Amino acid sequence: MKDIITNLFIRKWVQIEKKNVVSVEDSMLPEIIRIQAEGFGTKSRNGVRRYSKRMKKIFYVTKSYDQVVGYCIYYLKPVLSLKGFMKKSVIYSISIDKNFRRKHYGENLLRESIKEMRLNGISSIFLYVNAKNLPAIRLYEKMGFRKIKEIKDICGLKETCYEMELRIL
Ligand SMILES: CC(C)(COP(=O)(O)OP(=O)(O)OC[C@H]1O[C@@H](n2cnc3c(N)ncnc32)[C@H](O)[C@@H]1OP(=O)(O)O)[C@@H](O)C(=O)NCCC(=O)NCCS
């Protein structure tokens with residue numbers, strides 16, 4: 001049931017003009033997989049390829065001129081409430097090429113994608129981040145995300161992770 005609702009939301013997704021941010025194209029995948037491996041030390045080609053097919057419109061890529069320099073992959077999470085289905089989203093993965101970090105590409109990527117999320121009626125965005133990942137936590141806090149829960153063992157054995165939320169509606 002949730003898959004059907006998600007597909008419906010994605011089909012009706014409204015895309016807006018974004019500054020230095022576009023939706024993923026198949027030709028970008030090798031570079032995205034490289035940036036992912038560089039950022040996380042592991043390759044999860046399947047996740048990237050799967051989301052680029054199912055959630056293309058909310059798989060955002062940032063470019064410097066014609067070069068892919070980072071990406072942010074979201075998925076939708078419809079939540080049933082008394083008012084019907086609430087649209088929430090989750091950041092599955094975000095990473096910026098090492099040579100382009102600290103130049104506000106990550107911040108711009110989040111700001112532009114959040115604008116589109118708001119326009120499409122997403123009420124909250126969630127993410128999970130390792131408690132030791134201070135650059136990412138600082139970035140998320142700068143964008144208005146708040147820590148809502150501490151979770152052990154989901155981002156590695158004996159590792160602590162924060163669940164963070166940004167309420168946008
Ligand atoms: C986290 C990450 C995406 C940040 O991207 P970025 O483009 O370098 O970040 P930005 O330049 O847009 O920084 C925006 C803000 O984030 C914070 N920030 C980013 N990197 C930081 C660092 N190394 N140390 C401290 N604060 C940092 C700062 O508040 C910064 O604002 P400021 O420059 O005005 O001080 C990048 O470091 C990365 O790809 N890391 C590897 C993958 C990863 O950890 N992803 C997150 C998994 S949950």
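Values in this document were obtained by computation on a predicted structure and should not be read as measured data.

**Observations concerning the side chain of S89**
Along the chain, the position of S89 falls in strand β4 (residues 84-96). For S89, a relative accessible area of 0% puts it in the buried group. Excluding its chain neighbours within four sequence positions, the residues that come into contact with S89 are Y74, Y75, L76, K77, M117, I122, S124, I125 and F126.

**Observations concerning the site of the ligand**
Surrounding the ligand, one finds 21 residues, the nearest of these being I96, R102, H104, N133 and K142. At 3.5 Å from an oxygen atom of the ligand is found a side-chain nitrogen or oxygen belonging to S95. In isolation the ligand offers 930 Å² of accessible surface; the protein chains occlude 80% of this area. The cavity that encloses the ligand is the largest pocket. Elements with a contribution of two residues or more to the shell around the ligand: α2 (29-40), β4, α4 (105-119), β5 (124-130) and α5 (134-142). It is α5 that contributes the most residues to the shell around the ligand, six residues altogether. Residues belonging to the shell around the ligand are distributed by class as follows: 10 nonpolar, five polar and six charged.

**Looking at the packing of aromatic side chains**
Going through the model one piece at a time under the given rule, you end up with six aromatic pairs. The interplanar angle of 50° and the centroid separation of 6.3 Å between the aromatic rings of F59 and Y71 together place this pair among those described as tilted. Of this pair, F59 sits in strand β2 (residues 59-64) while Y71 sits in strand β3 (residues 67-81), and the two are 12 residues apart along the sequence. With respect to class, F59 is no different from Y71; both count as buried. Above the plane of the ring of F9 lies K87, whose end atom (NZ or CZ) is 4.8 Å from the centre. A cation over a ring is seen here: K147 above Y162, with NZ or CZ 4.6 Å from the ring centre.

Criteria and thresholds
- Residues numbered from 1 in each chain as written.
- Predicted model: local features only at pLDDT ≥ 70, side-chain atom pairs only at ≥ 80, totals over all residues.
- Heavy atoms only, no water.
- Helix = DSSP H or I, 4+ residues; strand = E, 2+ residues; numbered from the N terminus.
- Buried < 20%, exposed > 50% of the residue type's maximum accessible area, 1.4 Å probe, protein only.
- Contact = heavy atoms within 4.5 Å.
- Near = heavy atom within 4 Å.
- Polar contact = N/O pair within 3.5 Å; in protein donor to acceptor, adjacent residues only side chain to side chain.
- Areas by Shrake-Rupley, 256 points an atom, 1.4 Å probe, with all protein chains shown as cover.
- 1 Å grid on protein atoms, 1.4 Å probe; cavity = no way out; pocket = protein on both sides within 12 Å on 5 of 7 lines; lining within 4 Å.
- Sits in = over half its atoms within 2 Å of the grid points.
- Nonpolar A, V, L, I, M, F, W, Y, C, P; charged D, E, K, R; others polar.
- Phe/Tyr/Trp six-rings, centres within 6.5 Å; stacked < 30°, edge-to-face > 60°.
- Lys NZ or Arg CZ within 6 Å of the ring centre and 35° of its normal.

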